[in-house]
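Chain and residue survey
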Amino acid sequence: IRLTPLLSSSTEMSKKKESVEIEMTTGVSNSDVLRFSPDSDDEDDGRGIFKANKPDVMKDGFAVYMQRATQELFFTNKLNYLLVCVPLAIISNGGGWGDGITFTFSLIAICPLAERLGFVTEQLAGYTNSTVGGLLNASFGNATEMIVSMYALKAGLLRVVQLSLLGSILSNMLLVLGCAFLFGGMSRKEQYFNAEGVMMNFGLLLLAVMGLSLPALLHFTHTELHGTASELALSRFSSTILLLIYLAFLYFQLVTHTHLYEDEEDDDDDDDDEELVLGFWDSIVWLGVFTVFISILSDYLVATIEGASASWDFSVAFISVILLPIVGNAAEHASAVMFALRNKMDISIGVAIGSSTQIAMFVFPFCVCVAWAMDKPLDLNMKVFETVSLVLCVVTVTFCIRDGKGNWLKGLTLILAYAILAASFFFHAEPPAEGLAGTSRFRIDG
């Protein structure tokens, strides 16, 4: 190996810049020569938060941009036909059509809104690197769950807060990830992703499972020092710790160890990338617009969920754990499957597993802390059946992804596991109310 300093071109000699030639003799007549410049743009290749070469969506003029953006936002996806349910839900709520009808329209309307929220988030992520893009998809994908939880918390439906967040974790890990593996594996024998980065997420997820399980275990063994007050105190302490660890994880993911969350290179990736149709600031504006409508519909959902349960003859637990998360996770579902079809498995895994980690490590503890500030007894005791379901789900997914490979059979396995879980909650009856914990009842007053 011979290192030879070379002067730059004549136009740059005054700047005294140098490049380095590395000549590697292979033992045959030819030699491989690699040249690296210290001022090369390659230093910023995916290392910064924002992409160095941002696409110009206005290159064809403002009128063409608006036409293309409107077309992509509202007329390219058949799911957008369901947006007609948005005004129907508003009219139903104002006209007193009944809780069952209002809940149905609101539930259907949230599905395309959540999917469009995911689309706009993907557009925004197009201006960032893959790590920040996956974080944005997970964060705004969970906006629906966060909004529904805040309205349920305000209404005193603490059990609905617990069950809907649990359902989001289960849905993301089994249904969303399973569909990504299934559809991505149909066109490829195997897909690869960075197992080290994913297992780092799972380490945190297991820590969150421990925090969510111990209050239920404490209650089940009847070893509380001060009765249900001990469960509440433990839940608040654990939530504070989980929030701190999640902030540390964000610093780990975005600053110190970004290489663990970068995409695996694939020769076809560049050809599969979709052209961005929204500008950076326009994406932020549309995020706000869709979030406002989701907030309105979430208020309707929370106000009518008990009436809808009686109308449909479904338990509130089944609606909260299965139906609400399927609709709320439309953004993650669409994003994860789309990226899997384009063989961008690191982003797909980051959306599915990252979203579950974020709910368990951030959204759930955050709701407990908000309830604490509101003087409402929301705890982490999800009862034995729900806690065991969460543990089994995490164990199943861990065995499926630990080798860093995905295929259609793994996807089918996860989807069928979710089907069994959904059937279990369909036949599951809530335990009778007990103790002073607000989460032992569906609604509390004050």
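Residues numbered from 1 in each chain as written. Predicted model: local features only at pLDDT ≥ 70, side-chain atom pairs only at ≥ 80, totals over all residues. Heavy atoms only, no water.

**Observations concerning the overall build of the chain**
What the chain contains, in helices and strands, is 15 helices and 5 strands. The burial tally for the chain puts 51% of its 446 residues in the buried class. Considering only contacts in the chain between residues 6 or more positions apart, those separated by 24 or more positions represent 78%. Total accessible area on the chain is roughly 20,900 Å²; 63% of this is exposed by carbon and sulfur atoms. (Helix = DSSP H or I, 4+ residues; strand = E, 2+ residues; numbered from the N terminus. Buried < 20%, exposed > 50% of the residue type's maximum accessible area, 1.4 Å probe, protein only. Contact = heavy atoms within 4.5 Å. Areas by Shrake-Rupley, 256 points an atom, 1.4 Å probe, with all protein chains shown as cover.)

**Quick word on unusual backbone geometry**
The backbone of His 222 sits at a positive phi, close to 55°, despite the residue not being glycine. By secondary structure assignment, the location of His 222 is in the loop between helix 7 (195-220) and helix 8 (228-256). Residue classification places His 222 among the exposed positions, given a relative accessible area of 64%. For Asp 375, which is not glycine, the phi dihedral falls at a positive 60°.

**Considerations on the state of the cysteines**
For the coordinates displayed, the defined rule picks out 0 disulfides. Cys 369 forms no disulfide, and the closest cysteine sulfur to it belongs to Cys 367, at a distance of 9.4 Å. (Disulfide = S-S within 2.5 Å.)

**Looking at helix 3 (residues 99-125)**
Counted at 1.5 Å a residue, the expected span for helix 3 with its 27 residues is 39 Å, and the 38 Å between its end C-alpha atoms agrees. Among the 27 residues in helix 3, 22 count as buried, and that is most of the element. (Expected span 1.5 Å × (residues − 1).)

**Notes on empty space enclosed by the protein**
What the rule picks out here adds up to 4 cavities of 30 Å³ or more. Roughly 110 Å³ of volume is contained in the second largest cavity. Mapped by element, the contributors of at least two residues to the lining of the second largest cavity are helix 3, helix 5 (143-155), helix 6 (158-185) and helix 11 (316-328). Residue composition of the lining of the second largest cavity, by class: 8 nonpolar, 5 polar and 1 charged. (1 Å grid on protein atoms, 1.4 Å probe; cavity = no way out; pocket = protein on both sides within 12 Å on 5 of 7 lines; lining within 4 Å. Points joined across faces, edges and corners; volume = space filled by probe spheres on them. Nonpolar A, V, L, I, M, F, W, Y, C, P; charged D, E, K, R; others polar.)

**Re the packing of helix 6 against helix 14 (residues 384-401)**
At a minimum axis separation of 11 Å, helix 6 and helix 14 run at an interaxial angle of 20°. By the angle class used here, helix 6 and helix 14 are roughly parallel. At the point where helix 6 passes helix 14, the crossing takes the left-handed sense. Note on element contacts: helix 14 touches helix 6 through Glu 386, Ser 389, Leu 390, Cys 393, Val 394, Val 397 and Ile 401, opposite Arg 159, Leu 163, Leu 166, Ile 169, Leu 170, Met 173, Leu 174, Leu 177 and Phe 181. For the contact of helix 6 with helix 14, a count of residues per class yields 13 nonpolar, 1 polar and 2 charged. (Axes fitted to C-alpha atoms, helices over the stretch in contact; angles between N-to-C directions. Parallel < 35°, antiparallel > 145°, perpendicular 65-115°, else oblique. Left-handed = near helix turned anticlockwise from the far one by under 90°.)

**Some points on the side chain of Ser 235**
When you line up the elements, Ser 235 lands in helix 8. The residues touching Ser 235, leaving out its near neighbours within four places in the chain, are Pro 215, Val 368, Asp 379, Leu 380 and Asn 381.

**Description of the environment of Gly 350**
In this structure, Gly 350 sits in helix 13 (residues 345-373). Classification of Gly 350 by relative accessible area gives partly exposed; the value is 24%. Spatially, the C-alpha atom of Gly 350 lies 8.4 Å from that of Ala 336, the residues being 14 residues apart in sequence.

**A few points about the packing of helix 6 against helix 15 (residues 408-426)**
The description of two packed helices rests on the angle between their axes and on the distance between the axes. At a closest axis distance of 7 Å, the pairing of helix 6 and helix 15 adopts a crossing angle of 150°. Taken together, the axes of helix 6 and helix 15 are roughly antiparallel relative to one another. The handedness of the crossing between helix 6 and helix 15 is left-handed. On helix 15, the residues touching Leu 166, Leu 170, Ser 171, Met 173, Leu 174, Leu 175, Leu 177, Gly 178, Cys 179, Phe 181, Leu 182 and Gly 185 of helix 6 are Trp 408, Lys 410, Gly 411, Leu 412, Leu 414, Ile 415, Ala 417, Tyr 418, Leu 421 and Phe 425. For the contact of helix 6 with helix 15, a count of residues per class yields 17 nonpolar, 4 polar and 1 charged.

**Concerning the environment of Pro 215**
For Pro 215, the position within the fold is in helix 7. For Pro 215, a relative accessible area of 0% corresponds to the buried category. Along the sequence, Pro 215 and Ser 230 sit 15 residues apart, while their C-alpha atoms lie 8.5 Å from each other.

**Some details on the nonpolar core**
In this structure, Met 173, Leu 177, Phe 202, Leu 390, Val 397 and Ile 401 are the most contacted members of the largest nonpolar core, which totals 106 residues. It is helix 6 that provides the largest number of residues to this core, a total of 17 residues. The residues touching Leu 390, leaving out its near neighbours within four places in the chain, are Leu 166, Ile 169, Leu 170, Met 173, Val 209, Leu 212 and Met 382. (Core = buried A, V, L, I, M, F, W, Y, C linked by side-chain atoms within 4.5 Å.)

**Re helix 10 (residues 280-312)**
The largest bend along helix 10 reaches roughly 55° and is located at Ile 305. At the C-terminal side of helix 10, Asp 313 shows a positive phi close to 60°. (Bend = angle between axes of the 7 residues up to and from the residue.)

**Focus: the packing of aromatic side chains**
Applying the stated criterion to the full structure yields 14 aromatic pairs. Centre to centre, the rings of Phe 362 and Phe 366 are 5.6 Å apart; their planes meet at 20°, and the pair counts as stacked. In this pair, Phe 362 and Phe 366 both sit in helix 13, 4 residues apart, roughly one turn of the helix. Joined through ring pairs, the aromatic side chains of Phe 103, Trp 312, Phe 314, Phe 318, Phe 426 and Phe 427 make up one cluster. Sitting over the face of the ring of Phe 119, Arg 116 holds its NZ or CZ atom 4.3 Å from the ring centroid. (Phe/Tyr/Trp six-rings, centres within 6.5 Å; stacked < 30°, edge-to-face > 60°. Lys NZ or Arg CZ within 6 Å of the ring centre and 35° of its normal.)

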